[in-house]
Structures are given as structure tokens and as C-alpha cells.
Amino acid sequence: QEKVQQSPESLIVPEGAMSSLNCTFSNSASQSIWWYQQHPGKGPEALISIFSNGNKKEGRLTVYLNRASLHVSLHIRDSQPSDSAVYLCAVSPGVSNYNVLYFGSGTKLTVEP
Amino acid sequence: EAAVTQSPRNKVAVTGGKVTLSCNQTNNHNNMYWYRQDTGHGLRLIHYSYGAGSTEKGDIPDGYKASRPSQENFSLILELATPSQTSVYFCASGDRVLWEQYFGPGTRLTVL
């Protein structure tokens, strides 16, 4: 079973600042890493995924993956109050075609106006 | 329209009673999943399925059964509900190629 840990548990940033979230996982052979966003009372929604070592940028989001250190980070540029949510890191071992995901316990991001 | 729907959205059950949570997806995905979410534990996988007629145990299957009668429907069954099963339950569907999972809005279950 994959172990996924996220830090910090809670993050408060001012509007316009960079938000940086961290995630560590236990298996360097994991196929893919996902970041999900969850607003209160809603189901998680996929934001961005990364499969290869290095970085990936989509709009205000940048993800960095380092398989050697078993670490992935999510950076949100120009954070907005609407970005306030819980962010979940999820790792797929990619075994067979079941696409099972193992989730961390989340980082609660609050962006203050 | 929402592609993954769950019913009921809220449920109060008594200890020892039977509870069935239902999930329907219109994504035409082969894979479907049931998770529970508790404070401090994130999302934990209970059961999953890779097609009609199949069910597989996830990480915490004890006390739960699952049923996948069709491509669109996946149910989670608590035969003898206990207070420890009080939680928010999420259903998801997943694409085998893209690997992304799409979640429903959740069901809040309280077992008294």
C-alpha cells in the first residue's frame, strides 16, 4: 500500500501570493501523481497530474516531481480567495488497469483578501 | 449535468440496520470506486470495480459489501451498520486510459 503524506496541514496566504504545498510518497515506481481540489461539501476534483520527473505548468499551477526524493509539490501563483479549499495529493501505483489512487490527508489552503 | 450522482445525500441509520448507498455514472467509465473520508485520514478506498459484475476489496473493506449490476451503477452495502461507519462516503468513476477519477458529491452517513 502506498503511503502519502502532505504538509503543511493548513496554509494561510494573502491574496496574490504564491501558495506552496508538499507531498511525499513511498514508492518511486508510482505511475502518476495527482492533485485534487475539494471545496466544503463537495467531491474532490482533479486539478493537475504529473507522470514524469521534472515540472509541469498549467495556468497558475506548477507541479514539481522528484522521484529520487519521493517528493512532489504544487505551487499556485497569484493565489485568489476562490483557491481556498482542501488540496489532496493522490498517487497511483498503476498496477494492472484498476487505476487505484492512494490519497494524503490534505492541506487546507486559505487565501485571505 | 453531473456525471456522477449519489443517493441519498444524507442518511441517518440505527446501529445494526442495513444501509445501501447508491452511485450512478454517465461517463461510461469501466472503473468505479467507493471511498470514505474522515478528518485526519483523507480518502480511504473501500471497494472498487472494473466492470459490471466485478467487485474488489480496497484498503478498508471490513463491514462493507459492494455490488456492480451494470456499467452505470455501483452500490455500497452496510449489512449491520455500526457507529464507527459514520462518515462521508464518496463514489468515483475512472477512465482506464487517462487514469483520472471523477467524484460524486458525497453521502453523509450518521449511524446512531
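Within each chain, residue numbers correspond to sequence positions counted from 1 in written order. By the order in which they are written, chains take letters starting at A while ligands take numbers starting at 1. Per-residue local features of the predicted model are confined to residues with pLDDT of at least 70, and side-chain atom pairs are confined, for both listing and counting, to 80 or more; whole-chain, interface and lining totals are unaffected and use all residues. Neither water nor hydrogens contribute to the side-chain values; these are computed over all heavy atoms in the structure.

Draft legend 1. Broad picture of the overall build of chain B. Helices and strands together make up the secondary structure of chain B, namely 0 helices and 11 strands. Taken from the N to the C terminus, the helices and strands of chain B come in the order β-β-β-β-β-β-β-β-β-β-β. Note on method: radius of gyration uses C-alpha positions; expected globular size equals 2.2 Å times residues raised to 0.38. In summary, chain B has a C-alpha radius of gyration of 13 Å against a globular reference of 13 Å for 112 residues, a match within 12%. Considered along the principal axes of its C-alpha atoms, chain B spans approximately 40 × 25 × 25 Å. Each residue gets one of three labels from its accessible area relative to the maximum for its type: buried under 20%, exposed over 50%, partly exposed in between, using a 1.4 Å probe on protein chains only. Counting every position in chain B, which comprises 112 residues, the buried fraction comes to 51%. Nonlocal contacts in chain B, meaning residues at least 24 apart in sequence, comprise 54% of its contacts between residues at least 6 apart. To measure how exposed things are, a 1.4 Å probe is used in the Shrake-Rupley method; for residues, cover is taken only from the protein chains shown. Only carbon and sulfur atoms are counted for the fraction: they give 50% of the accessible area of chain B, which is about 5200 Å². For the purpose of charge, His is not counted, nor are the chain termini; Lys and Arg are scored as positive and Asp and Glu as negative. A charge is said to be at NZ when it belongs to Lys, at CZ for Arg, at CG for Asp and at CD for Glu. Looking at charge distribution, chain B has the averaged site of its 10 positive side-chain charges lying 8 Å from that of its 9 negative ones. Segments assigned H or I by DSSP are reported as helices when at least four residues long, segments assigned E as strands when at least two residues long, and all are numbered from the N terminus. In this description, contact between two residues means that some pair of their heavy atoms is separated by no more than 4.5 Å.

Draft legend 2. Region of the structure containing the overall build of chain A. Helix and strand counts for chain A stand at 0 helices and 11 strands. Listed by position from the N terminus, the elements making up chain A come as β-β-β-β-β-β-β-β-β-β-β. Relative to the globule expectation of 13 Å for 113 residues, the C-alpha radius of gyration of chain A, 14 Å, shows essentially globular dimensions. Its C-alpha atoms give chain A principal-axis dimensions of about 45 × 30 × 20 Å.

Draft legend 3. Examining the sheet that holds strand β7 (residues 61-66) of chain A more closely. All names here are of chain A. Pairing between two strands requires that DSSP report at least two bridges joining them. Sheet architecture is open: 5 strands sit in the order β1-β3-β8-β7-β6, paired in antiparallel fashion. The sheet is open, and its two edges are formed by β1 (4-7) and β6 (54-58), each paired on a single side. Each strand of the sheet is rotated relative to its neighbour by a mean of 15°, with strand direction disregarded. Inspection of the sheet shows β1 paired to strand β3 (residues 19-25) by 4 bridges, in the antiparallel sense. Each axis is a line fitted through C-alpha atoms, taken for helices only over the stretch in contact, and angles between the N-to-C directions span 0 to 180 degrees.

Draft legend 4. Looking closely at the sheet that holds strand β1 (residues 4-7) of chain B. All names here are of chain B. Judged by pairing direction, the sheet is antiparallel, and its 4 strands sit side by side in the order β1-β3-β8-β7 without closing on themselves. Whereas interior strands pair on both sides, the edge strands pair on one side only; in this sheet they are β1 and β7 (65-67). Across the sheet, the axes of successive neighbouring strands diverge by a mean angle of 20°, strand direction being ignored. Bridging between β1 and strand β3 (residues 19-25) involves 4 bridges; their strand directions are antiparallel.

Draft legend 5. Structural context of the interface of chain B and chain A. Of the residues lining the interface, 24 residues belong to chain B; the matching set on chain A comes to 24 residues. When two components associate, each loses some accessible surface as probed by a 1.4 Å sphere; the sum of these losses over both components is called the buried area. With both chains or domains summed, chain B and chain A bury close to 1800 Å², and 56% of this area falls on carbon and sulfur atoms. Salt bridges, as used here, are contacts in which a Lys or Arg side-chain nitrogen is within 4 Å of a carboxyl oxygen on Asp or Glu. Our enumeration of links across chain B and chain A arrives at 0 salt bridges. Those elements that provide at least two residues to the side of chain B that touches chain A are β4 (31-38), β5 (42-49) and β10 (101-103) of chain B. Within the side of chain B that touches chain A, the residues separate by chemical class into 11 nonpolar, 7 polar and 6 charged. Under the scheme applied, nonpolar residues are Ala, Val, Leu, Ile, Met, Phe, Trp, Tyr, Cys and Pro; charged residues are Asp, Glu, Lys and Arg; polar residues are all the others, including Gly.

Draft legend 6. Examining the packing of aromatic side chains more closely. All names here are of chain B. Any Phe, Tyr or Trp ring, taking Trp's six-membered ring, that has another such ring centre within 6.5 Å forms a pair; planes under 30 degrees apart are called stacked, those over 60 apart edge-to-face, and the others tilted. Taken as a whole, this structure holds 12 aromatic pairs over all chains when the rule is applied. When the ring of Y33 is compared with that of Y48, the centres are 6.4 Å apart and the planes differ by 25°; the resulting orientation is stacked. Here Y33, found in strand β4, pairs with Y48, found in strand β5; they are 15 residues apart in sequence, far enough to count as distant. Comparing Y33 with Y48 shows no difference in burial state: the two are buried.

Draft legend 7. Molecular detail of the nonpolar core. We call a set of buried Ala, Val, Leu, Ile, Met, Phe, Trp, Tyr and Cys residues a nonpolar core when their side-chain atoms join them within 4.5 Å. Judged by nonpolar contacts, the single largest core of 41 residues is most densely connected at W35(A), Y36(A), V72(A), L74(A), F103(A) and Y35(B). Per-element tally for this core: the top contributor is strand β9 (residues 85-92) of chain A, with 6 residues. Non-local contacts of Y35(B), meaning those with residues more than four positions away in its chain, are made with L101(A), F103(A), L43(B), R44(B), L45(B), I46(B), V88(B), Y89(B), F90(B), A92(B), Q101(B) and F103(B). Core analysis: the second largest hydrophobic core is formed by 18 residues, L21(B), M32(B), C91(B) and V111(B) among them.

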